[in-house]
Amino acid sequence: LAEAASFDGAMVVATNGVVPIAFDDHDDHDDEKHDDHDDHDDHDDHDDEKHDDHAGHDHGAFDPHAWQSLENAVIYANNIAAGLAQADPENAGDYYANRAAFVAEVEMLSADIEAMMKSLPADKRTVVTPHDAFGYFAATYDLTFVAPQGMSTESEVSAGDVAALITQIREESI
């Protein structure tokens, strides 16, 4: 994108230091529930097809939704503040002060979420969503997100899709 925009300024990569989650690290439920893809021998093809069919579009090998981890949000803030301070040293103090205020809010939010998650019983930690985008959040808070078979964010849901979703929710006590 930077090349296409012909940008010639200093580039700051907000994600430096973020450890990406491979889709396989949080997609094991797809292998269990979607037998229609089990006949593929090549794991990479299986992964690509799974994400095309169930997420609506292919993100590649890694989950790009890293901002859903509050720990990663702090990494982003650190990188952005450092980049702004380097580009505009006269106002560096303001950038770092704003970063500190933001991080304090994130830490309070994290504590609130952690308290809420502790109150959820282990058998009530599954969420149905039509888009496989919550791997970082799931990993942090010990949740399971499942994308219904055949559903796509890029197509209209049929009555059959809704019926299958209801069946899945009932069978798995979600």
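A brief look at the structure comes next.

Here is what the cut-offs are and how they apply
Residues numbered from 1 in each chain as written. Predicted model: local features only at pLDDT ≥ 70, side-chain atom pairs only at ≥ 80, totals over all residues. Heavy atoms only, no water. Axes fitted to C-alpha atoms, helices over the stretch in contact; angles between N-to-C directions. Helix = DSSP H or I, 4+ residues; strand = E, 2+ residues; numbered from the N terminus. Parallel < 35°, antiparallel > 145°, perpendicular 65-115°, else oblique. Contact = heavy atoms within 4.5 Å. Nonpolar A, V, L, I, M, F, W, Y, C, P; charged D, E, K, R; others polar. Buried < 20%, exposed > 50% of the residue type's maximum accessible area, 1.4 Å probe, protein only. Expected span 1.5 Å × (residues − 1). Phe/Tyr/Trp six-rings, centres within 6.5 Å; stacked < 30°, edge-to-face > 60°.

1. Some words on the packing of helix α4 (residues 70-87) against helix α5 (residues 92-118)
Then comes step 1: Direction vectors running N to C along α4 and α5 enclose 175°, while the axes themselves pass 9 Å from each other. Here α4 lies roughly antiparallel to α5, going by the angle between them. Where α4 abuts α5, its residues L70, A73, V74, A77, N78, A81, A82, L84 and A85 lie against A92, Y95, Y96, R99, F102, V103, V106, L109, S110 and I113.
Then comes step 2: Among the residues forming the contact of α4 with α5, the class breakdown is 16 nonpolar, two polar and one charged.

2. What about unusual backbone geometry?
Then comes step 1: With phi around 55°, S6 is a residue other than glycine that occupies positive phi space.
Then comes step 2: Taking relative accessible area as the criterion, S6 reaches 62% and is therefore assigned exposed.
Then comes step 3: A positive phi is found at D142, a non-glycine position, where the angle reads about 55°.
Then comes step 4: Mapped onto the fold, D142 is located in the loop between α6 (135-141) and β2 (144-146).

3. Regarding helix α7 (residues 159-171)
Then comes step 1: Its 13 residues give α7 an end-to-end C-alpha distance of 18 Å, which sits within 8% of 18 Å, the value for a rise of 1.5 Å per residue.
Then comes step 2: Positive phi shows up at S173, right after α7, with a value of about 50°.

4. Notes on the packing of aromatic side chains
Then comes step 1: Under the defined criterion, the tally for this structure stands at three aromatic pairs.
Then comes step 2: Taking the centre distance of 4.9 Å and the plane angle of 55° together, the rings of F137 and Y141 count as tilted. Of this pair, F137 and Y141 both sit in helix α6, four residues apart, which is roughly one turn of the helix.
Then comes step 3: On the accessibility criterion, F137 (22% relative accessible area) is partly exposed.
Then comes step 4: The class for Y141 is buried, based on a relative accessible area of 5%.
Then comes step 5: Ring centres of F137 and F145 lie 6.4 Å apart, and the angle between their planes is 75°; this geometry places the pair in the edge-to-face category.
Then comes step 6: Taken together, the ring pairs in this structure connect F134, F137, Y141 and F145 into an aromatic cluster.

5. What to know about the environment of I113
Then comes step 1: As for its placement among the helices and strands, I113 is situated in helix α5.
Then comes step 2: Put simply, I113 and Y141 are 28 residues apart on the chain and 8.5 Å apart in space, counted from C-alpha to C-alpha.
Then comes step 3: With near-sequence residues (within four places) excluded, I113 lies in contact with L70, F137 and Y141.

6. Observations regarding α5
Then comes step 1: The terminal C-alpha atoms of α5, which comprises 27 residues, lie 39 Å apart, in line with the 39 Å expected from a rise of 1.5 Å per residue.
Then comes step 2: Among all positions in α5, only A92, V103, V106, I113 and M117 are buried.
Then comes step 3: Residues of α5 that are buried sit in contact with α4 and α6.

7. Comments concerning the environment of G9
Then comes step 1: With respect to the helices and strands, G9 occurs in the segment before α1 (23-26).
Then comes step 2: G9 sits in the partly exposed class, given a relative accessible area of 38%.
Then comes step 3: For the pair G9 and A87, spaced 78 residues apart in the sequence, the C-alpha separation amounts to 9.1 Å.

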